[in-house]
There are 2 protein chains.
Amino acid sequence: MIKQNSIEEFLISLSSKSPIPGGGGACALGGAIGSSLGSMVGNLTLGKKKYLSVQEDIQVLLEKLSQNTSELLLLMDKDAHAFEPLSKAYALPKETEEEKLYKEQVMEKCLYDASLVPLEIMEQAYKGILLQEEMAEKGTQIAISDVAVGVMFLRSALLGAAVNVWINTKSMKNRKVAECLNQRVEELKQAGTQKADFIFDKVTSKLQS
Amino acid sequence: MIKQNSIEEFLISLSSKSPIPGGGGACALGGAIGSSLGSMVGNLTLGKKKYLSVQEDIQVLLEKLSQNTSELLLLMDKDAHAFEPLSKAYALPKETEEEKLYKEQVMEKCLYDASLVPLEIMEQAYKGILLQEEMAEKGTQIAISDVAVGVMFLRSALLGAAVNVWINTKSMKNRKVAECLNQRVEELKQAGTQKADFIFDKVTSKLQS
């Protein structure tokens, strides 16, 4: 699993021309960093007298954030696995009509599969943003700035993953399916960035005043 | 150095209530992920016939991006080092007038030092965004989507680091110095987000058409 790599190793592979890890995996990691920052705020709230009334809510939130981080880390690996068959499909021959047809069918399937992973990263990033919204309300004000930072990470994971859906749907022949995927991307992109910017502004307006 | 930790170890410490690594360190890492994605695009452009005329520019860009990544990784450690004296200063006694005055002076110095690190992260993130702008123009179109992803990471590093300056300048007694730092934050925030959004839209409009 990629999460067992050191940060340095990960960045060296990311910088290299090797396609894995690529933008999709980076987004999943970015999202995981974002939700981990939410967990930090939750952990700093646990056991604090001032926040006695929300201890149970924080406990539930912490479980959900931890689940969110784990899902995103799994998606970092899934993204790498989805890319491999796609890169093999690109290399298929297309000399004869038969080969062309076969390549087209394989490509279509691989492009679809490779779109689903970043779309799932978007779903998780959006979920993470909503969890941070609750943390911003209930978490300790001492560390609330980290909710704002976390939300920005989840926002970049969301938008970066959108790009990684588009590069696949763009090449799909079945435009109905492609547009259906793009439609969901658009919804998550709109709702997620709006919510993330709202939380960021709300939290930081207190810091700047 | 933090970069030698595994991704999993890093996320576990980030989630914990231990203040290090915190939001500042996470931003430095996010920025390093962003500029590494730019390096990937550069490395995929090197040696490609179609991009023969820009090989030298790409080589220079790659050096600058690698420098940018290294600086950001160094700042991840610097952020941890700057936080330690600050957390010690918070714990100083303030019973007598003498103690109060001493604490105030130490705090002021530590808050100032702790602001400079995220401000430097912002400077580097902004530099990274400008490097990606050049990569978007000259790099291989095959991997151009990763420039868009990289730019979003650098944007979140920039904004997250801004928050980490504000939490320190907010408590500073010397308002002249504090406002001078906030002024630079505002400039970098405006210019950086505008530029990042411009690059993202420019790159992704080609993918969505």
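Residues numbered from 1 in each chain as written. Chains lettered and ligands numbered in written order. Predicted model: local features only at pLDDT ≥ 70, side-chain atom pairs only at ≥ 80, totals over all residues. Heavy atoms only, no water.

(A) How the structure looks around the overall build of chain A. Across its full length, chain A holds six helices and zero strands. Each helix (α) and strand (β) of chain A, taken in turn from the N terminus, gives the series α-α-α-α-α-α. Looking at chain A as a whole, 54% of its 209 residues qualify as buried. Residue pairs in contact within chain A that sit at least 24 positions apart in sequence constitute 76% of those at least 6 positions apart. For chain A, the exposed surface amounts to about 9,500 Å²; the carbon and sulfur share of it is 54%. In chain A, the 24 positive side-chain charges and the 27 negative ones have mean positions that sit 4 Å from each other. (Helix = DSSP H or I, 4+ residues; strand = E, 2+ residues; numbered from the N terminus. Buried < 20%, exposed > 50% of the residue type's maximum accessible area, 1.4 Å probe, protein only. Contact = heavy atoms within 4.5 Å. Areas by Shrake-Rupley, 256 points an atom, 1.4 Å probe, with all protein chains shown as cover. Lys, Arg positive; Asp, Glu negative; His and termini not counted. Charge placed at Lys NZ, Arg CZ, Asp CG, Glu CD.)

(B) Spatial organisation of the interface of chain A and chain B. Each partner contributes to the interface: chain A provides 53 residues, whereas chain B provides 54 residues. In total, about 4,400 Å² of surface goes out of reach between chain A and chain B, with carbon and sulfur atoms giving 71% of it. Our count for the chain A to chain B interface comes out at two salt bridges. Between Glu 8 of chain B and Lys 3 of chain A there is a salt bridge; the shortest N-O distance is 3.2 Å. Summed over the shared surface of chain A and chain B, the number is 16 residue pairs in polar contact (both at pLDDT 80 or more). Elements supplying a minimum of two residues to the side of chain A that touches chain B: helix H1 (7–15), helix H2 (23–45), helix H3 (55–90), helix H5 (145–169) and helix H6 (175–208) of chain A. Broken down by element, the residue count for the side of chain A that touches chain B peaks at 14 residues, all from H5 of chain A. (Buried area = accessible area lost by both parts, 1.4 Å probe. Salt bridge = Lys/Arg side-chain N within 4 Å of Asp/Glu carboxyl O. Polar contact = N/O pair within 3.5 Å; in protein donor to acceptor, adjacent residues only side chain to side chain.)

(C) Seen up close, unusual backbone geometry. In this chain, Ile 20 of chain A is followed by Pro 21 of chain A through a cis amide linkage whose omega measures -5°. Residue position: Pro 21 of chain A is located in the loop between H1 and H2.

(D) Quick look at the relation of the copies chain A and chain B. Under the fitted operation, chain A is carried onto chain B by 0.0 Å of movement along the axis and a turn of 180°, and the coordinates agree to an RMSD of 0.0 Å. In symmetry terms, the pair is related by a two-fold rotation axis. In terms of C-alpha distance to the rotation axis, chain A has Ser 6 of chain A as its closest residue, with the C-alpha 1.8 Å off the axis. (Least-squares fit on C-alpha atoms with pLDDT ≥ 70 in both.)

(E) Structural view of the pattern of salt bridges. Across all of its chains, the model carries 20 salt bridges over all chains by this definition. We note a salt bridge from Lys 195 of chain A to Glu 133 of chain A, for which the minimum N-O separation is 3.2 Å. Pair noted here: Lys 195 of chain A is in helix H6 and Glu 133 of chain A is in helix H4 (residues 97–138), with a separation of 62 residues, a long-range link. On the basis of relative accessible area, Lys 195 of chain A is assigned to the partly exposed category, the value being 25%. Glu 97 of chain B is paired through a salt bridge with Lys 100 of chain B; the nearest N and O atoms lie 3.6 Å apart. Of this pair, Glu 97 of chain B and Lys 100 of chain B both sit in helix H4 (residues 97–138), three residues apart, roughly one helical turn. Under the relative-accessibility criterion, Lys 100 of chain B is labelled partly exposed at 39%. It is possible to trace a salt-bridge network through shared partners that takes in Asp 57, Glu 134 and Lys 138 of chain A.

(F) Up close: H2 of chain A. All names here are of chain A. The end-to-end C-alpha distance of H2, which contains 23 residues, comes to 34 Å, matching closely the 33 Å that a straight helix rising 1.5 Å per residue would cover. The element H2 is largely enclosed, with a buried count of 21 among its 23 residues. Taken from the residues just after H2, Gly 47 is the one with a positive phi, measuring 80°. (Expected span 1.5 Å × (residues − 1).)

(G) Looking closely at the state of the cysteines. Per the counting criterion, the structure on display carries zero disulfides over all chains. A disulfide-free cysteine, Cys 110 of chain A has its sulfur positioned 20 Å from the sulfur of Cys 180 of chain A, the nearest such atom. The class of Cys 110 of chain A is buried, set by a relative accessible area of 9%. Its sulfur unpaired, Cys 27 of chain B is 16 Å from the next cysteine sulfur, which belongs to Cys 27 of chain A. (Disulfide = S-S within 2.5 Å.)

(H) Structural detail: the confidence of the model for chain A. Of all residues in chain A, 100% have pLDDT values of 70 or greater, and the mean over the chain is 95. Predicted as a complex, the structure gets a pTM of 0.95 and an ipTM equal to 0.95. (pLDDT = per-residue confidence, 0-100.)

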